[in-house]
Amino acid sequence: MISRRTFVSTLLASCLAIIAWFNFAPAALALGGKLPPLNEAAPEFTLPTNTGEGKVSLSDYRGKWVVLYFYPKDFTSGCTLEARRFQQDLPKYIGKNAQILGVSADSVDSHAEFCDSEGLKFPLLADTDGKVSKTYGSWLGFFSMRHTFIVDPQGIIREEFTGVNPSVHSREVLARLSELQQA
């Protein structure tokens with residue numbers, strides 16, 4: 001007989017394996033919903049943030065580029081790696097007049113703990129009902145899929161990333177952001 005702790009750990013590992021599979025499977029797009037179209041206005045939203053400053057709206061960042069990234073769960077290996085890479089490259093994003101916004105179904109409290117434990121200096125937004133994730137085609141039942149959107153200073157979606165590899169994603173986003181800014 002296995003202990004309850006072992007059972008829960010095994011169940012969590014299995015769920016995370018399924019999440020990872022969906023992030024790379026083409027079928028995940030169909031399950032997640034329709035992505036908003038490129039070169040059109042990004043869907044507006046307002047969500048609570050870990051920063052203690054109440055709520056954040058996409059429109060708060062007009063005049064800046066926005067890297068809007070959706071991820072499954074705070075404190076999981078892939079999501080932690082992805083967040084660390086964005087934090088590591090944060091000075092480069094700031095130098096490009098870009099704001100990083102992370103979105104998942106985790107609570108404000110979970111986001112605050114995650115930011116504290118990882119030293120994250122960019123906002124994480126709590127989409128606990130998945131409404132914003134659904135609007136961006138990034139919802140899979142009870143968590144956000146790993147999708148990223150680059151939104152220009154006028155609020156237009158200029159790039160989307162699906163099937164993200166957390167270890168190199170920030171570099172990919174920075175490279176594409178540079179291309180978009182030079183166009």
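Note that the structure is a prediction, hence the values are computed from the model and not measured.

Attention shifts here to the sheet that holds strand E7 (residues 157–161). Strand order in this open sheet of 5 strands is E5-E4-E3-E6-E7, and the pairing throughout is mixed. Edge strands, defined here as strands with exactly one partner in the open sheet, are strand E5 (124–126) and E7. On average, each strand axis in the sheet is inclined to that of its neighbour by 20°, with strand direction left out of account. In this sheet, strand E6 (residues 147–151) lies alongside strand E3 (residues 65–70) in antiparallel orientation, the contact comprising 5 bridges. The residue of E6 that forms the bridge with Phe 70 is His 147.

The next subject is the environment of Asn 165. Tracing the chain through its elements places Asn 165 in the loop between E7 and helix H7 (169–182). Remark: the alpha-carbon pair of Asn 165 and Gly 78, spanning 87 residues in sequence, is separated by 8.4 Å.

A low pLDDT means the predicted coordinates there should not be read in detail. For the protein, per-residue confidence averages 87 on the pLDDT scale, and 82% of positions sit at 70 or higher. This stretch, residues 6–13, has a pLDDT under 50; its non-local contacts, to residues over four places away or in other chains, come to 1 contact. Note on residues 20–31: pLDDT under 50 across the span, and 18 contacts to partners over four residues away in sequence or across chains.

This part is about the packing of helix H3 (residues 77–88) against H7. Helix-helix packing is described using two parameters, namely the angle between the two axes and the distance between the axes. The contact between H3 and H7 brings their axes to 8 Å, and the two run at 45°. Here H7 runs oblique to H3, going by the angle between their axes. Contact residues: Glu 82, Arg 85 and Phe 86 in H3; His 169, Ser 170 and Val 173 in H7.

Scoring rules and cut-offs
- Residues numbered from 1 in each chain as written.
- Predicted model: local features only at pLDDT ≥ 70, side-chain atom pairs only at ≥ 80, totals over all residues.
- Heavy atoms only, no water.
- Pairing = 2+ DSSP bridges.
- Helix = DSSP H or I, 4+ residues; strand = E, 2+ residues; numbered from the N terminus.
- Axes fitted to C-alpha atoms, helices over the stretch in contact; angles between N-to-C directions.
- pLDDT = per-residue confidence, 0-100.
- Contact = heavy atoms within 4.5 Å.
- Parallel < 35°, antiparallel > 145°, perpendicular 65-115°, else oblique.

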